[in-house]
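Breakdown of the fold
These are the residues of each chain, in order.
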Amino acid sequence: QTFDYLVQGLQRREISGGGLTMAMAELGTMLNGESSDAQFVAQLYKACMGRAGDAEGLVFWTQMLQRGETRQTVMMHFFVSEEFTTLCRSLGIDPL
């Protein structure tokens, strides 16, 4: 039911790519600390980019979290990335 709502929102252009990923994260365990920082970053790559993270990126973002950056802020960095923006636009979805 929630999934159908999100899909319909995308189709009507009422939900952006970033909004969809944030909704999915809130429905799951990405932001609530139930996963390790490394697991969160790996999940973020999969959710935002549709791929596994490269070794350098996984280390970089995991270290940012370990230094005190919030998960929400790291997620926003993904949302404004060129890769995410290009992917969303290729699907006809507004990135933010």
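Presented here is an overview of the structure given in this document. (Residues numbered from 1 in each chain as written. Predicted model: local features only at pLDDT ≥ 70, side-chain atom pairs only at ≥ 80, totals over all residues. Heavy atoms only, no water.)

**Brief notes about the overall build of the chain**
Spelled out, the test is: Elements are defined by DSSP. Helices are runs of H or I of four residues or more, strands are runs of E of two residues or more, and each kind is numbered from the N terminus. Burial classes: relative accessible area under 20% of the type maximum marks a residue as buried, over 50% as exposed, and values in between as partly exposed (1.4 Å probe, protein chains only). Residue contacts are defined here by distance: any two heavy atoms, one from each residue, within 4.5 Å place the two residues in contact.
A count of helices and strands for the chain gives six helices and zero strands. For the chain, the N- to C-terminal ordering of α and β elements is α-α-α-α-α-α. Considering the chain as a whole, with its 96 residues, one finds that 36% of them fall into the buried category. Excluding contacts between residues fewer than 6 apart, the proportion of contacts in the chain whose partners are at least 24 apart in sequence is 56%.

**What about the pattern of salt bridges?**
Worth spelling out the cut-off: A pairing counts as a salt bridge when a side-chain nitrogen of Lys or Arg comes within 4 Å of a carboxyl oxygen of Asp or Glu.
Scanning all chains against the criterion turns up three salt bridges. Put simply, Arg51 and Asp54 hold a salt bridge, and the shortest N to O gap is 3.8 Å. Residue Arg51 is classed as partly exposed on the basis of its relative accessible area of 28%. A relative accessible area of 34% means that Asp54 is categorised as partly exposed.

**Brief notes about the packing of aromatic side chains**
Heads up, the condition is: Any two of the Phe, Tyr and Trp rings considered here, Trp counted by its six-membered ring, make a pair once their centres fall within 6.5 Å; the pair's planes then place it as stacked at under 30 degrees, edge-to-face at over 60, or tilted in between.
A full pass over the atoms with the stated rule returns four aromatic pairs. Aromatic pair Trp61 and Phe78: ring centres 5.6 Å apart, planes at 50 degrees, arrangement tilted. Separated by 17 residues along the polypeptide, Trp61 in helix H4 (residues 55-66) and Phe78 in helix H5 (residues 71-79) bring together distant segments of the chain. An aromatic cluster is present here, built from Tyr45, Phe60, Trp61 and Phe78 joined pairwise through their rings.

**Looking at the nonpolar core**
Taken as a class, soluble globular proteins show a tendency for nonpolar side chains to be buried jointly. Rules: Think of a nonpolar core as a cluster: buried Ala, Val, Leu, Ile, Met, Phe, Trp, Tyr and Cys residues, connected wherever their side-chain atoms sit within 4.5 Å.
Counting residues in each nonpolar core, the largest one holds 18 residues, and the members touching the most others are Phe40, Leu44, Cys48, Val74 and Phe78. Within the residue set of this core, elements represented by two or more residues are helix H3 (37-49), H4, H5 and helix H6 (82-90). If one sorts the elements of this core by residue count, H3 sits on top with six residues. For Val74, the contacting residues outside a window of four places in its chain are Phe40, Leu44, Trp61, Leu65 and Glu69.

**A look at the environment of Phe78**
Classification of Phe78 as buried rests on a relative accessible area of 3%. For the pair Phe78 and Cys48, spaced 30 residues apart in sequence, the C-alpha to C-alpha distance is 7.0 Å. When neighbours within four sequence positions are excluded, Phe78 is seen to be in contact with Leu44, Tyr45, Cys48, Met49, Trp61 and Phe84.

Don't take any of this as a statement about function, it's just geometry.
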